[in-house]
2 protein chains.
Amino acid sequence: METPPIPHPFDWRVLNSRYIVHDRWLGLRADACQVPSGAVLDPYYILELPDYINVVAITPRQEVVLVREYRHGAAQTILELPSGRVDAGEDALVAAQRELLEETGFSGPAFQHLCTLSPNPANHTNRVYSFLATGVEHVQEMQPDASEQIEVVLLPLAQVIEMLYANQFIQAMHASALFYALRRLDIR
Amino acid sequence: METPPIPHPFDWRVLNSRYIVHDRWLGLRADACQVPSGAVLDPYYILELPDYINVVAITPRQEVVLVREYRHGAAQTILELPSGRVDAGEDALVAAQRELLEETGFSGPAFQHLCTLSPNPANHTNRVYSFLATGVEHVQEMQPDASEQIEVVLLPLAQVIEMLYANQFIQAMHASALFYALRRLDIR
């Protein structure tokens, strides 16, 4: 889904690069970068994380499938879209279908790609793929990871829209996905 | 602009915490966390970064002030909103006014807060504050940091909207800001 970047005179040159953390959870790189003016930025930290997915999943009764989960960065339990990491070699669409099913027990016949974004192109190498899933139904018990405690919350789409407009979904990648979903659903 | 988080039974308990990186650019913490089921996640990495701001700045001729800049995470030079970090002790609005002026030489009489989001509440402690600035004018030469090479690009608002809808702004925090700006401007 990506085209290679087009070289540009503003591009930096990497003089050297070392890993500070490189385990199954995180790659943290410290690069020494020469900018076009000649100045060297060292260390310039780069985060290598897996690609992410999230899903705006809507039932035939126009309810959105949300999850309540503790988020340790924000140090609070919040309401979010179902989301997760793309496994190595996995297709983003397959990851979205898998995560929705595992986290919520919901599945649906119609997943469509909404947008592909960067969590932060300044320091993240990964991408986040957002999908819209319509006509989703509860088909099995949820199967979260052992470390995940998740409450599935169904809210009317109209209420989710009001919450979005009121800045109540604090996750930037989820707010974007919701806005793209509203456009796709032709809700202005 | 924040209320303290409300405690919730899903919240984790931090058993211990250590810094892997703690310099002026990045705090990377490895926490050992006990989840309510009793399982322990160790290490759970948390990124401590300064708060961010970005600005949707619009001239009286309905042009949006954008910047073309190299972004080393994405490894490409891209078009973005003017954005930056909030200095320690600085107000987010002041940071937004400062960064717009430094990066672009534009300033304006009317900044309004659009939204406050988290880059990623799973692993980021910081927030990103987005502002709408209308009636901005070019008032001085841009004064980027020595390491910043920035091209200021003015594009008609209508074109920026088309680019947003076409998923051409890859920065999740900037896409969100643009959608909130369109709502504030009553453009549906």
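Rules used throughout
- Position labels on residues start from 1 in each chain and follow its written sequence.
- Written order determines the labels here, with chains lettered from A and ligands numbered from 1.
- Local features are withheld for residues below a pLDDT of 70 in this predicted model, meaning they are given only at 70 or higher, and side-chain atom pairs are given and counted only at 80 or more; totals for whole chains, interfaces and linings count all residues.
- Water and hydrogen atoms play no part in the side-chain values, which are based on all heavy atoms of the structure.
- Think of a 1 Å grid over the protein atoms and nothing else: a 1.4 Å probe that fits but is trapped marks a cavity, an open set flanked by protein within 12 Å on at least five of seven lines marks a pocket, and residues with an atom within 4 Å of a point count as lining.
- Grid points are joined across faces, edges and corners, and a volume is the space filled by probe spheres set on the points.
- Note on conventions: DSSP H or I runs of at least 4 residues are helices, E runs of at least 2 residues are strands, and numbering of each starts at the N terminus.
- When residues are grouped by polarity, Ala, Val, Leu, Ile, Met, Phe, Trp, Tyr, Cys and Pro land in nonpolar, Asp, Glu, Lys and Arg in charged, and all others, Gly among them, in polar.
- In this analysis, two residues are considered to be in contact whenever any of their non-hydrogen atoms come within 4.5 Å of each other.
- The term buried area means the drop in 1.4 Å probe accessible area that two parts suffer when joined, counted for both and summed.
- Salt bridges are identified by distance alone: a Lys or Arg side-chain nitrogen within 4 Å of an Asp or Glu carboxyl oxygen.
- Each residue's exposure class comes from its accessible area (1.4 Å probe, protein chains only) as a fraction of the maximum for that residue type: buried when under 20%, exposed when over 50%, partly exposed otherwise.
- Polar contact criterion, stated in full: a pair of N or O atoms within 3.5 Å, where within protein one must be able to donate a hydrogen and the other to accept it, and residues adjacent in sequence count only if both atoms are side-chain atoms.
- Strand pairing is defined by DSSP finding a minimum of two bridges between the two strands.
- Every angle, taken between N-to-C directions, lies between 0 and 180 degrees, and every axis is a line fitted to C-alpha atoms, over only the stretch in contact when it is a helix.
- Residue types Ala, Val, Leu, Ile, Met, Phe, Trp, Tyr and Cys, when buried and joined through side-chain atoms within 4.5 Å, form a set referred to as a nonpolar core.
- The span one expects for a helix is its residue count, reduced by one, times 1.5 Å.
- The arc under discussion is defined with respect to the helix axis, by the directions toward the C-beta atoms.

1. Section: empty space enclosed by the protein
And then number 1: In total, this model carries 2 cavities of 30 Å³ or more according to the counting rule given.
And then number 2: Each pocket or cavity is described by its volume, and for the largest cavity that value is around 160 Å³.
And then number 3: Forming the walls of the largest cavity are Tyr165(A), Phe179(A), Leu182(A), Arg183(A), Ile187(A), Arg188(A), Tyr165(B), Phe179(B), Leu182(B), Arg183(B), Ile187(B) and Arg188(B).
And then number 4: Counting residues per element, the ones that place at least two in the lining of the largest cavity are α3 (172-184) of chain A together with α3 (172-184) of chain B.
And then number 5: Broken down by class, the residue content of the lining of the largest cavity amounts to 8 nonpolar, no polar and 4 charged.
And then number 6: Looking at the second largest cavity, its volume works out to about 30 Å³.
And then number 7: Considering each element in turn, the lining of the second largest cavity owes the most residues, 3 residues, to strand β6 (residues 76-80) of chain B.
And then number 8: In terms of residue class, the lining of the second largest cavity is made up of 5 nonpolar, 2 polar and 1 charged.

2. Some words on the interface of chain B and chain A
And then number 1: Every contact between the two is made by 69 residues of chain B and, on the other side, 69 residues of chain A.
And then number 2: Carbon and sulfur atoms make up 62% of the area that chain B and chain A hide from each other, which totals about 5800 Å².
And then number 3: Per-residue buried area on chain B facing chain A is highest for Phe10(B), His72(B) and Pro121(B); these three make up 12% of the total on that side.
And then number 4: The interface formed by chain B and chain A contains 0 salt bridges.

3. So, the side chain of Thr77(A)
And then number 1: Within the fold, Thr77(A) resides in strand β6 (residues 76-80).
And then number 2: Take Thr77(A): its relative accessible area is 14%, and that puts it in the buried class.
And then number 3: For Thr77(A), the side chain forms a polar contact with the side chain of Asp11(B), separated by 2.6 Å.
And then number 4: Not counting the four nearest positions on each side in its chain, Thr77(A) is found in contact with Arg68(A), Glu69(A), Tyr70(A), His8(B), Phe10(B) and Asp11(B).

4. So, unusual backbone geometry
Residues and elements named next belong to chain A.
And then number 1: Asp 42 connects to Pro 43 through a cis peptide bond whose omega is 5 degrees.
And then number 2: Tracing the chain through its elements places Pro 43 in strand β3 (residues 40-48).
And then number 3: Unusually for a residue other than glycine, Ala 75 sits at a positive phi of about 55 degrees.
And then number 4: If you trace the backbone, Ala 75 turns up in the loop between β5 (63-71) and β6.
And then number 5: The class of Ala 75 is partly exposed, set by a relative accessible area of 38%.
And then number 6: The residue Asp 186 is not glycine, and still its phi comes out positive at about 65 degrees.
And then number 7: Looking at the element boundaries, Asp 186 is found in the segment after α3.

5. With respect to the sheet that holds strand β3 (residues 40-48) of chain B
Residues and elements named next belong to chain B.
And then number 1: Taken in spatial order, the 3 strands of this open sheet run β1-β2-β3, and their pairing is antiparallel. Of all strands in the sheet, those bounded by a partner on one side alone are β1 (13-22) and β3. Direction aside, the axes of adjacent strands within the sheet are offset by 25 degrees on average.
And then number 2: Across 8 bridges, the pairing between β1 and strand β2 (residues 27-34) is antiparallel.

6. A word on the nonpolar core
And then number 1: One finds Leu28(A), Val56(A), Leu66(A), Leu28(B), Val56(B) and Leu66(B) to be the most contacted residues of the largest nonpolar core, which totals 72 residues.
And then number 2: In contact with Val56(B), not counting residues within four places along its chain, are Leu81(B), Leu114(B), Phe131(B), Leu132(B), Ala133(B), Ala177(B), Leu178(B) and Ala181(B).

7. Observations regarding the sheet that holds strand β1 (residues 13-22) of chain A
Residues and elements named next belong to chain A.
And then number 1: Spatially, β1-β2-β3 is the arrangement adopted by the 3 strands of the open sheet, whose pairing is antiparallel. In this open sheet, the two edge strands, each paired with only one partner strand, are β1 and β3. Pairs of neighbouring strands in the sheet enclose a mean axial angle of 25 degrees, with direction left out of account.
And then number 2: Where strand β2 (residues 27-34) meets β3, 7 bridges bridge the pair, whose relative direction is antiparallel. If you follow Ala 30 over to β3, its bridge partner there is Tyr 45.

8. Considering helix α1 (residues 92-104) of chain B
Given 3.6 residues per helical turn, the α-helix brings residues three or four places apart onto the same face.
Residue and element names in this part refer to chain B.
And then number 1: For α1, spanning 13 residues, the distance from its first C-alpha to its last is 18 Å, which sits close to the expected 18 Å at 1.5 Å a residue.
And then number 2: Of the residues making up α1, those classed as buried are Ala 92, Ala 95, Ala 96, Glu 99, Leu 100, Glu 103 and Thr 104. For α1, the arc enclosing every buried residue in end-on projection is 130 degrees, short of the 170-degree limit, so these residues lie on one face.
And then number 3: A side-chain oxygen of the first residue of α1 lies 3.0 Å from the backbone nitrogen of Leu 93; this N-cap is Asp 91.

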